[in-house]
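# Remarks on the overall topology
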Amino acid sequence: MKLAGLKSIENAHDESVWAAAWVPATESRPALLLTGSLDETVKLWKPDELVLQQNNTGHCLGVVAVAAHPSGIIAASASLDSFVRVFDVDTNATIATLEAPPSEVWQMQFDPKGSILAVAGGSSASIKLWDTATWKLIDTLAIPRPESSKPTDRGGNKKFVLSVAWSPDGRRLACGSMDGTISIFDVNRAKFLHHLEGHYMPVRSLVYSPVDPRVLFSASDDSHVHMYDAEGKSLIGAMSGHASWVLSVDVSPDGAAIATGSSDKTVRLWDLNMRAAVQTMSNHADQVWGVAFRPPGGAGVRAGRLASVSDDKSISLYDYS
Amino acid sequence: MEAQEEEGKNDHVLRKLQESVDSNPDDASLHFNLGVFLWEKEEQEEEEEQEWKEKAAEHFVRSAKLNPQNGDAFRYLGHYYARVSVDTQRAFKCYQRSVTLNPNDSDSGEALCDLLDQGGKETLEIGVCREASEKSPRAFWAFRRLGYLKLHQNKWSEAVQSLQHAIRGYPSCADLWEALGLAYQRLGMFTAAIKSYGRVIELEDSRIFALVESGNIFLMLGSFRKGIEQFRQALEISPKSVSAHYGLASGLLSLSKECTNLGAFRWGTSLLEEASKVAKSTTCLAGNVSCIWKLHGDIQLAYAKCLPWLEENWNLEIDEEAFSNSILNWKRSCCLSAISANYSYQRALHLAPWQANIYTDIAISSDLICSLKEDDKHNPNSWQLPEKMSLGGLLLEGDNNEFWVTLGFVSDHNALKQHACIRGLQLDVSLAVAWACLGKLYRKEGEKQLARQAFDSARSIDPSLALPWAGMSADTHARDPTTDEAYESCLRAVQILPVAEFQIGLAKLALLSGHLSSSQVFGAIQQAVQHAPYYPESHNLNGLVCEARCDYQSAVASYRLARCAINTFSGSILKSHLRDISFNIARSLSKAGNALDAVQECEDLKKEGLLDAQGLQIYAISLWQIGENDIALSVARDLAASVSAMEQASRAASVSFICKFLYKISGQESAIISILKMPKELFQNSKISFVVSAIHALDESNKLESVVSSSRCFLASNEEIARMHCLVALGKLVKQGSEHCLGFENGVHHLRKALHMFPNSVLIRNLLGYLLLSSQEGEDAHSASRCCIVDPSHSPNKEGSKSVFEILGAGAVACFASSMSNKKFSFPTCRYPCMSGLGAIQQLQKWLHREPWNHNARYLLILNFLQKAREERFPRHLCTIIERLNFVAISNQLYLKKDTCCQYQKFQLLLCASEISLQGGDHLGCVNHAENASTLLLPDCYLFFAHLQLCRAYVAKDDFKNLRKEYIKCLELKTDYCIGWLCLKFMDSHHELQNELSISELNFKECSKERKSSCDKWMALFDLLQGLISVQNQDFLRAEEFLAQACSLSDTESCIFLCHGVICMELARQQCDSQYLSHAIKSLMKAQEISLIPLPFVSTLLAQAEASRGSKAKWEKNLCLEWFSWPPELRPAELFLQMHLLARHSNSGSESSSCVEPYQSQQRWVLRAIHLNPSCLRYWKVLQRLMQ
């Protein structure tokens, strides 16, 4: 289990790169890397040489999140002013523009079947679900307000929702908030189930294990990565090692390793059996906002790939084996 | 019809064949063909068919005789002898002949082998196959047969060779793949085996053997999930398969163990419930298999160990009875499960009493039942059940070292324990468990030296064993490792095995080593509560962990549970324990803001006389929080009385507490008096120094001077000193400022010196930046953003101090020029160099991205965007962004608060919204927002601007009645910001609101005088304004006077000089006065000189002025300069025309000055001018002249 640097593009964007996601391969092309940046553009890169395929403009503020549909045909990008642009990956034609009040769009993810786009609703303390056929808002999963809390408590938006993740079976949604709690929802019944506790600072990134729909990984500003039994509501692993905020986490397709990016400018690879960091990449010169493993699939593509993006405007690609 | 036709055809063929045989009786092949035809002829009647076959056989015999090399003939003969006239011997010979002739003939080969198989002649069969396989590599039938036979004989590696070869011939034969898989499995090549089985399932998905076996391999390799998957699939095909059931149950058991080891008890429990169901149904299918009962026992035992106590939502009022009932219920279900395990083991033993390991299983389960029931083991002399049962195992297998260790663990007699462990070690010296058991025993006995040795051996043999690590961490006193090391080893123990005792130990060590807020400890203690809810320690430590993570509500609930647990489950209640818990409750309650209950707790403690120094502090604070100031003060006095008897550390805390408390309750004066009364040696601590210095900073009379200076020498670290410098600077701000204005200069001065000493102190830099911004001196705003450093990995700022981003953002708003990214839109005349490309908007977006909930970030971003929009003349897309951002920002609940800071931000945001509406042409919205702003609770000097904005709105609406009203309102409210008066004056002059010497002018003068250093600058601006007004009234002479005055007041503002120059030029033109011309030249040159970036128009005007004085060289030079003063895309058409003039002169032979763009003809310059502005007739005329 190791990472080996393949390619690094300095100044891939004009400004900090904030978001990264892989667009799954289609019949006509391999998987592509999608990145979003403060320079208001979204770019598509072709591995392994990271050849720039496309440069999408149109956002008015920095791009905070990108997400790709499991079919690999469409993708979505969201900026700080909370416009979500849904576009055709190959032609860059706009398919839909979803609008929400600013600060009410943060991370996004398509469900595994591709019929719903879940958007972390920021200050609305909820997850917004958009139908991917009609691009209408179909549901809002709100985090219930604890009874004891006062409404004016520090502006009342303690539950600012930053991150969202679908379980691989599509039945559960998890979202992470600013106060460190993670909320689990039953999607079919549109019902809040419970909170997962253990973080006490903002939870910036969440991902479910691809091999077990109960296991959830979370990255938080308290510099820890947690592993939860999301159904049984228990913390089953805490991994420490980063010196600062952990901004992003992704799990390898085989479910045996996770990668994290942090404010301490490093990318770490963690062995889940040992529950320890097995490798630290320090090739970035500034905080690493996104890490993403390439999903399996596509013609003749076996090798594992990990991409990382950073405030230093660069993108790096690694071989994972 | 068809059948008849067919028959007719057959007859015809038969006749033909017969004829050809008849005509050529010596041709072997003809005989053979006829034979084959007859052999394959189908008849309804069996007898008839037999007849034909016999005829065929005759022909085959003939054919074989004629051509003995034809193997096929022999094969048919073989078939004849084997099936028709049953003569095995002859059949065997024919087949053998056929195979010898053609080893690839699978029909005869198979038939031959079948014959041999029936006869039980296995060796012969192998011989035949081997012979054929050696003769031809394509004799796949032989390889296959050989492979199966070898498999049958358990010769796995030979079988693999044959099977691999055979598969080349029959790649889609599931049987072959299955056989190959089995061979690999037996050889221990599990991955290869899994692949082979996978191929089988691919070919035929109903192969239960392959599914079960690959499931078993997966379980063996530890891939429990995949194994379970295989077994489930097998059960779908064959729901009664015992082996699939067994495999599924054991897979679930293994997976649940994996979960339990991670601490996912509920997950483990749910898996075990399913496993138990599966195992139970297996026992129904096959009730007499010992190992199934053992599996069921294992599952039940694991369930008894894994089942967590479900922590219900205990409210603040905890019912002790309900709590103890819930724990008893939990224990009961654990116990029931253990008993069920015990029964299952007994059944297993009943079925197979020779299985020694089941004895130990029973021993272990009995031991668990005993511990859950908490039976007192009455008679120490008689054998206990667990001991007896493990002895049973040992009687059967006395040399099994593990049985000895089990005995060691379940026994209660220390001597027996030791004996058992040592016996185990005699059998195998590298038995880590035995060493660990010995270590535990020795520790209990107090033999620390021996215990350490035992643990060390155990750890060196097997570092993945939890107990030695835990033992090592418990050994803190014996070997004296630091608590950090102890914490680390205990953490390792907990990670290997989540046992409640280890976890409680970990939390205790975390408390000592300061790791309480760590996630690992949080996870561990939460799990400990699930498995040891009857220990008060687990709840108490859980409370401490929650408290360390600022979750006070949960902390209080946990402490209360701890109190319940101590009352219900501890045999003897220690008073000190109860006191500690009550104290914890009081502290958490007070932190959670529940002062009333905290006071109650403290009073209870006080009644029992258990309140110590810390308790007194909490008592005092809580009393103060509920408003009982007098009692609070008396408590503080009690505390003060006991200070002298305290240790150094708690003394410092108490003293600083008393000082702060006195200041809060009785105010500054009495606090100072009390401090002066206290003995000096109490203040010898850095913490106290900060408290005293803070009070001192606010005290005008400097009574604490001596106390402060003596305590300051206890500041140790650089960071502390830097912090103290900040405090001192703030003190200077307060003390040396005037009545209305803080003494920013003094503070800034002090911090500049401090920064020189600590150049990398972020704290000082930020405070300096903040003070510079706050000082309201125009120049300082520029340096503010320069003294801050943006550190990407900076830790989030603490409450109270300003972050770098805030200073950058505010600085960018303060100076229009510093936020400018490109010079496309305007020409800033700010003469303070700003850090170009700083990109305040980008930095603020970065900030907002890091802290999206931060309203300050959003606020500053909006203001910066407004600045940018203003610079770019309010383009549509920027207005939309601002509008959207603003909408969210204004609706923030925070702005419902009444304090000035929030109201001011809201005011700014509303004005911003109003401005955007105004620019977008939405007058109504503009008025509404501005009116909203004017109703906020703010000082008049701010509200002035809301009304000013209203004035502008009414101007845009041409509503002069309201305009006048708002104007008068402005005059009434007044402001002390000069810019406000300037704007008002401007409005006034434009719309003739007031004719006499306006009040605004008087007010302006008054307020600009207050700004000492920048008074002249403001006056100059006022003169500039008046000059412009005069120009508007066509009174150029007056304008010149005003502007000349402005120039004399401010010699740094290039714009004023430009204006003056322009007016002078105009006057020179009107009056043909060369004196004005020289004034103009002087001012324009000055403007050229002082402006940091070249201003447009200045040079061209200068060129004209110089030209009218007849200096051609200066004219050319200045025109060139003008060309470069413009960004390329903004150059006006007129400039190109001017260039044409320049080109004409350089063409006509004077000294070449084609510095601009060489080789451009006059004509081209004119064409470019026309291209830019085709509507200007003058250009066309010039072109016409040129063309002629």
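Think of each chain on its own: its residues are numbered from 1, step by step along the sequence as written. The order in which chains are written sets their letters, starting at A; the order in which ligands are written sets their numbers, starting at 1. In view of the model being predicted, local features appear only for residues whose pLDDT reaches at least 70, and side-chain atom pairs are presented and counted only at 80 or more, with totals across whole chains, interfaces and linings using the full set of residues.

### Regarding the domain arrangement of chain B
One widely used convention gives an interface's size as the accessible area the parts lose upon coming together. All domain edges in this entry derive from an automatic or database-based domain assignment. Per the domain assignment, the segments making up chain B are domain 1 (240-374), domain 2 (574-632), domain 3 (646-715), domain 4 (717-776), domain 5 (1014-1125) and domain 6 (1131-1188). Each of domain 3 of chain B and domain 5 of chain B was reduced to a C-alpha centroid, and the two centroids are 63 Å apart.

### Quick word on the pairing of strand β13 (residues 137-142) of chain A
Within a regular strand, the side chains alternate between the two sheet faces. Residues and elements named next belong to chain A. For strand β12 (residues 126-131) and β13, the ladder comprises five bridges, and the chain directions are antiparallel. By the bridge assignment, S126 is partnered in β13 with A142. A pair of strands counts as paired when DSSP detects no fewer than two bridges linking them. Strands are runs of DSSP state E lasting at least two residues, helices are runs of H or I lasting at least four, and both sets are numbered from the N terminus onward. Remark: five residues form the turn of the hairpin made by β12 and β13, two consecutive strands paired antiparallel; W135 in that turn has positive phi of roughly 55°.

### Regarding the UniProt feature "repeat: WD" (unreviewed entry) in chain A
Residues and elements named next belong to chain A. UniProt positions are given in the numbering used here, feature names are shortened, and annotations may be inferred rather than shown by experiment. UniProt's feature table lists "repeat: WD" (unreviewed entry) at residues 10-46, 56-97, 154-195, 196-238 and 239-280, given in the numbering used throughout. Across residues 56-97 one finds 0% helix and 55% strand; the C-alpha atoms that close the span lie 14 Å apart. Measuring from the first to the last C-alpha atom of residues 196-238 gives 13 Å, for a span that is 0% helix and 56% strand.

### As for unusual backbone geometry
Only a minority of non-glycine residues have a phi that is not negative, and only a minority of peptide bonds are not trans. The omega torsion across P47(A) and D48(A) is -10°, close enough to zero to call that bond cis. Assignment of secondary structure puts D48(A) in the loop between β4 (42-46) and β5 (51-56). In this model, K974(B) sits at a positive phi of 65°, which is unusual for a non-glycine residue. With respect to the helices, strands and loops of the structure, K974(B) is situated in the loop between α49 (960-973) and α50 (978-991).

### A few points about the confidence of the model for chain A
pLDDT is a residue-level measure of predictor confidence that goes from 0 to 100. In the predicted model, chain A carries a mean pLDDT of 89, and the fraction of residues at 70 or more is 95%. Contacts of residues 149-156 of chain A to residues separated by more than four positions or lying in other chains number eight contacts, the stretch itself having pLDDT below 50. Two residues qualify as being in contact provided that their C-beta atoms, derived from the backbone, are within 7 Å of each other.

### Details of the pairing of strand β27 (residues 304-310) of chain A
Residue and element names in this part refer to chain A. Exposed residues have 12 or fewer other C-beta atoms within 10 Å of their own C-beta, buried residues have 20 or more, and partly exposed residues fall in between, where C-beta atoms are placed from the backbone. Of all seven residues in β27, six are buried, a share of seventy percent or more. Examined bridge by bridge, strand β26 (residues 288-293) and β27 share five bridges and lie antiparallel to one another. Of the residues in β27, the one forming a bridge with V291 is S308. Between β27 and strand β28 (residues 315-320), which pair antiparallel one after the other, the connecting turn spans four residues, and K313 there sits at a positive phi close to 75°.

### As for helix α28 (residues 519-531) of chain B
Here a helix's expected span is defined as the number of its residues, less one, multiplied by 1.5 Å. The end-to-end C-alpha distance of α28(B), which contains 13 residues, comes to 19 Å, matching closely the 18 Å that a straight helix rising 1.5 Å per residue would cover. Buried residues dominate α28(B), accounting for 13 of its 13 residues.

### Remarks on the UniProt feature "repeat: TPR" (unreviewed entry) in chain B
If you check UniProt for "repeat: TPR" (unreviewed entry), the listed places come out as residues 174-207, 208-241 and 432-465 of chain B in our numbering. As annotated, residues 432-465 of chain B has a helix share of 82% and a strand share of 0%, and its two end C-alpha atoms lie 8 Å apart.

### Let's talk about the sheet that holds β26(A)
All names here are of chain A. Taken in spatial order, the four strands line up as β1-β28-β27-β26 in an open sheet, and their pairing is antiparallel. Where the open sheet ends on each side, the last strands, each with one partner, are β1 (3-9) and β26. Recorded for the sheet is a direction-independent mean angle of 20° between the axes of neighbouring strands. For β1 and β28, the ladder comprises six bridges, and the chain directions are antiparallel. In this analysis, axes come from line fits to C-alpha atoms, helices being fitted only over the stretch in contact, and the angle between any two N-to-C directions falls in the range 0 to 180 degrees.

### Section: the sheet that holds strand β3 (residues 32-37) of chain A
All names here are of chain A. On the basis of which strands lie adjacent, the open sheet formed by four strands has the order β2-β3-β4-β5 and antiparallel pairing. Two strands in the sheet have a free side with no partner beyond their single neighbour: β2 (17-23) and β5. Strand-to-strand twist of the sheet, defined as the mean angle between neighbouring strand axes without regard to direction, takes the value 25°.

### Considering helix α13 (residues 224-237) of chain B
Residue and element names in this part refer to chain B. Relative to the 20 Å expected for 14 residues at 1.5 Å per residue, α13 spans 20 Å between its end C-alpha atoms, a close match to the ideal helical length. When we look at burial in α13, the residues that qualify are F224, G227, I228, Q230, F231 and A234. Across the axial projection of α13, the buried residues extend over an arc of 160°, all falling on one side. Working note: the arc is built from the helix axis to C-beta atom directions.

### So, the interface of chain B and chain A
In this complex, chain B contributes 35 residues to the contact, which on the side of chain A involves 48 residues. Take the side of chain B that touches chain A: its biggest share by element is six residues, from helix α45 (residues 876-890) of chain B. Side-chain classes follow a simple rule in which Ala, Val, Leu, Ile, Met, Phe, Trp, Tyr, Cys and Pro form the nonpolar group, Asp, Glu, Lys and Arg form the charged group, and the remainder, Gly included, forms the polar group. For the side of chain B that touches chain A, the residue count by class is 15 nonpolar, 15 polar and five charged.

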